[in-house]
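# Survey of secondary and tertiary structure
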Amino acid sequence: MKSKTQQTLALAVSAAIIATAGFAASHVSTSDSAAVNARHAQMQLIAYNTGILGNMAKGEVEFDAAMAQSAAKNLNAAASLDRATLWIEGTEQGAVDGSRAKAEIWTDAAGFDAKFKALQDASAAVMDAADLDAVKAGMGPIGKACGDCHDTFRGPKT
C-alpha cells in the first residue's frame, strides 16, 4: 500500500511540476511575443517618419518645414526609446515567432547601442531643418544608420 501511495504522490508532484513549467513557459512566451510586437511598432514609427522625410527629399511631396521638423523629432524619439523593455535577451530570430533580431544584439550590445545612437544623431541633425536642402542632406546619414543596423543586427526573412 505504501508503494501505491508513493506512486500517487510522485505522479501528483510530477503533474504539478509539469503544469507549473507549462504555465511559466506560456507566460514567458506571451511577454516575449509582446516585446517583439512592441519593437516592431518602434520600427514602424521609425519607417513612417523616415518616409515622410524621404518623400520630401525626393520631391514626392511638397516640402513643409514644420512637418519635416515634426517627423525628425518623432524619428529621434522612436530611436531614443529605452531598449530594455523591447529588446529582451532570448527574443532573437528562431526563439520567438516574428522576430528577425540576431543574437548579436545581445552579444554585441555596445555595437547595437551605437547603431541606434547613429540614428538618434542623424535625426537630431534634421530636427531644425529650415529648408529642403537640409532634409536632403540629412537623409544620407539617416539611411546609412538604418541600413548599417539592419545589415548587422537583423536576420533574413524566413
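Each remark here, short or long, concerns the structure printed above.
Residues numbered from 1 in each chain as written. Predicted model: local features only at pLDDT ≥ 70, side-chain atom pairs only at ≥ 80, totals over all residues. Heavy atoms only, no water.

### Brief notes about the side chain of Gln120
Here Gln120 is to be found in helix α4 (residues 109-124). Accessibility expressed as a relative area gives 16% for Gln120, which makes it buried. (Helix = DSSP H or I, 4+ residues; strand = E, 2+ residues; numbered from the N terminus. Buried < 20%, exposed > 50% of the residue type's maximum accessible area, 1.4 Å probe, protein only.)

### Points about the nonpolar core
In this structure, Leu53, Trp87, Leu119, Val135 and Ile142 are the most contacted members of the largest nonpolar core, which totals 29 residues. For this core, the element with the most residues is helix α5 (residues 132-153), which contributes seven residues. Setting aside its immediate chain neighbours within four residues, Leu53 contacts Ala68, Ala71, Ala72, Leu75, Val126, Val135, Met139 and Ile142. (Core = buried A, V, L, I, M, F, W, Y, C linked by side-chain atoms within 4.5 Å. Contact = heavy atoms within 4.5 Å.)

### With respect to the pattern of salt bridges
In total, this model carries four salt bridges according to the counting rule given. Note that Lys58 and Glu60 form a salt bridge whose closest N and O atoms lie 3.8 Å from each other. Taking the relative accessible area as the measure of exposure, Glu60 reaches 54% and is therefore exposed. Note that Lys117 is salt-bridged to Asp121, the shortest N-O span being 2.6 Å. Taken together, the positions of Lys117 and Asp121, both in helix α4 and four residues apart, correspond to about one turn of that helix. (Salt bridge = Lys/Arg side-chain N within 4 Å of Asp/Glu carboxyl O.)

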